[in-house]
Amino acid sequence: MNISRRAQKLEPSVTLAASAKANALKAAGKDVLSLTVGEPDFTTPKNIQQAAIQAIESGKASYYTPSAGIKELREAVVKYIETYYQLNYQANNVIVTDGAKFALYLLFQAVLNPNDEVIIPVPYWVSYGEQVKLAEGVPVFISCAQEKEFKVTVEQLEEAKTAKTKLLILNSPSNPTGMIYSEDELRKIGEWAVANDILIVSDDIYGRLIYNGATFTPMATLSEAIRKHTIIINGVSKSYAMTGWRIGYAVGDETIISAMNDIASQSTSNPTAVSQYAAIEALVGGQDTVEIMRQAFEARLNEIYPLFAALPGFKMEKPHGAFYLFPNIKETLTMCGYTDVTKWVDDLLAEAQVALVTGAGFGAPENVRISYATDLDTLKEAVKRIAAFIESKSTK
């Protein structure tokens, strides 16, 4: 049996691969410290859990729902956007999906034709380019300098634009860098996109996780013209510690949302019913737990950033959001006698039992991604092991 060409061209997710490798070693009895997956180390808040239990006990969670999600949840998304974005949408501007990842997949399937180009700033989340390729589009990667906080400029966008450019993906706060675009930076990019009739995919999944006085500005809020050219992608996974519940959503132009719904109806049928009822409570219920988790991540960042930054050869910018560090370790590789960051990461796991994610999967072959969505003791021990690993390699 021959495998399809589209499947053969796909690159596996480096984050999931790193996590799987770490988990396999843990299962074999190894004392592995995993700083791989972007997953809060908090359990889902009790009020959200209780909403799910009530939905099960009432029988509401037993049946199919509309493929775009139950109306109550779509209305909860509308209310959430009104509260945090000060924008007014209707339920028909919203589709609820099996995680924000699937919202992106549906969007690309709905709007891309073969050879349409999608501009993706580098570093990028690992699935952007692969999902574009699955939709027969062409990812166009723009390298963004670390000394400029990995941010793309209008000048770079103009240089990359062609007659085939259809989409621009922006993720702020960013996975993997944690950087945040300023309002002025976003406005310039948004106005450029409007002037060139390019659709902006605004991945806002980390918008509630910002630190040390930083400000998150949603792209869609900058003007009515920019809003009309923007599809908002978001979900409950990160801010509400609901990664396993798999609820994301997209908000934007009704025609695009309708097309996404048509594709969803022929693929997943509908998001998991019980998760939808839990997500309603997440979005419109008490928000105290979001702030508690945000403060915990901020405290960890402020404590562990200088520890990782002091590691030999690590060059990094302090992030303002999300929960990742993304150091350039080119000097570290040279010290340790390596030319391949992925090999260095593999050996670190095998010899020091610390799991990181290679930057190669994010388009940055001199970097590694470190998730600090875990406890401080684990993070501090990881620093000690990495330092010992570098020392052992440097003396050979």
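In this text the structure is predicted, and so the values were computed from the model without any measurement.

*Asks:* How should the overall build of the protein be read in this particular structure?
*Replies:* On a plain count of helices and strands, the protein comes out with 15 helices and twelve strands. Taken against the 2.2 N^0.38 rule, which gives 21 Å for 396 residues, the C-alpha radius of gyration of the protein at 21 Å falls within 12% of a compact globule. Taking all 396 residues of the protein together, the buried fraction comes to 56%. When contacts within the protein are restricted to residue pairs at least 6 apart in sequence, long-range pairs at least 24 apart make up 75% of them. As presented, the protein carries roughly 17000 Å² of accessible surface, and 49% of it is formed by carbon and sulfur atoms. When the 37 positive and 45 negative side-chain charges of the protein are each reduced to one mean point, those points stand 4 Å apart.

*Asks:* Hey, could you run me through helix H4 (residues 71-85) in this one?
*Replies:* Every α-helix winds through 3.6 residues per turn, so residues three or four apart in the chain are directed the same way. Look at H4: 20 Å from first C-alpha to last across 15 residues, which is about the 21 Å you get at 1.5 Å a residue. For H4, every residue scored as buried is listed here: Leu-73, Arg-74, Ala-76, Val-77, Val-78, Tyr-80, Ile-81 and Tyr-85. Among the structural elements, strand E2 (94-97), strand E7 (230-235), strand E8 (248-251) and helix H11 (273-284) are those in contact with the buried residues of H4. Downstream of H4 by a residue or two, Gln-86 has a phi angle that is positive, lying close to 55°.

*Asks:* Is there a simple way to think about the pairing of strand E3 (residues 117-122) in this case?
*Replies:* Working note: regular strand, side chains alternate between the two faces of the sheet. Burial within E3 is extensive, with six of its six residues counted as buried. Going residue by residue along E3, you find Glu-117, Ile-119 and Pro-121 tucked away on one face and Val-118, Ile-120 and Val-122 tucked away on the opposite face as well. A crossover connection joins E3 to the parallel strand E4 (residues 138-143) through helix H6 (residues 127-134); in handedness this β-α-β unit is right-handed. Where E3 lies against strand E5 (residues 165-171), three bridges are found, and the strand directions are parallel. Following the sheet pairing, Ile-119 is matched in E5 by Leu-168.

*Asks:* Would you take a moment to explain the side chain of Arg-74 for this structure?
*Replies:* Secondary-structure assignment places Arg-74 in helix H4. In this structure Arg-74 is buried but unpaired, with Glu-72 as the nearest side chain of opposite charge at 7.1 Å. Ignoring sequence-local partners within four residues, the contact set of Arg-74 consists of Ala-68, Gly-69, Ala-91, Asn-92, Val-94 and Val-96.

*Asks:* Looking at this structure, how should I read the sheet that holds strand E12 (residues 368-371)?
*Replies:* Whenever strands of a sheet pair, they do so through backbone hydrogen bonds, lying parallel or antiparallel. Taken in spatial order, the three strands of this open sheet run E9-E12-E11, and their pairing is antiparallel. Each edge of the sheet is formed by a strand with only one pairing partner; in this case those strands are strand E9 (324-325) and strand E11 (357-358). Relative to E12, E11 is paired through two bridges, and the arrangement is antiparallel. The residue bridging Thr-358 from the neighbouring strand is Val-368, located in E12.

*Asks:* How should I be thinking about helix H12 (residues 288-309) in this particular structure?
*Replies:* Here H12 is 22 residues long and its end C-alpha atoms lie 32 Å apart, about the 32 Å a rise of 1.5 Å per residue gives. Listed in full, the buried residues belonging to H12 are Val-290, Met-293, Arg-294, Phe-297, Glu-298, Arg-300, Leu-301, Ile-304, Tyr-305 and Phe-308. The inward-facing, buried residues of H12 contact E9, E12 and helix H15 (376-394).

*Asks:* Explain the environment of Ser-143 here, please?
*Replies:* Inspection of the secondary structure assignment puts Ser-143 in strand E4. For the pair Ser-143 and Thr-43, spaced 100 residues apart in the sequence, the C-alpha separation amounts to 36 Å. Residues in contact with Ser-143, not counting those within four places in the same chain, are Val-122 and Gln-156.

*Asks:* Where do I start with unusual backbone geometry in this structure?
*Replies:* What is expected of a backbone is that most residues other than glycine have negative phi and most peptide bonds are trans. Pro-123 follows Val-122 through a cis peptide bond whose omega is 5°. Among the structural elements, Pro-123 can be located in the loop between E3 and H6. Here Ser-172 and Pro-173 are connected by a cis peptide whose omega angle stands at -5°. By the element assignment, Pro-173 lies in the loop between E5 and helix H8 (183-195). Of note, Gln-86 is a non-glycine position whose phi angle comes to about 55°, a positive value. Residue placement: Gln-86 occurs in the loop between H4 and E2. Within the chain, Asp-197 stands out as a residue other than glycine whose phi angle is a positive 55°. Structurally, Asp-197 is set in the loop between H8 and strand E6 (199-203).

Thresholds applied
Residues numbered from 1 in each chain as written. Predicted model: local features only at pLDDT ≥ 70, side-chain atom pairs only at ≥ 80, totals over all residues. Heavy atoms only, no water. Helix = DSSP H or I, 4+ residues; strand = E, 2+ residues; numbered from the N terminus. Rg over C-alpha atoms; globule rule 2.2 N^0.38 Å. Buried < 20%, exposed > 50% of the residue type's maximum accessible area, 1.4 Å probe, protein only. Contact = heavy atoms within 4.5 Å. Areas by Shrake-Rupley, 256 points an atom, 1.4 Å probe, with all protein chains shown as cover. Lys, Arg positive; Asp, Glu negative; His and termini not counted. Charge placed at Lys NZ, Arg CZ, Asp CG, Glu CD. Expected span 1.5 Å × (residues − 1). Right-handed = clockwise from strand over helix to strand, strands pointing away. Pairing = 2+ DSSP bridges. Salt bridge = Lys/Arg side-chain N within 4 Å of Asp/Glu carboxyl O.

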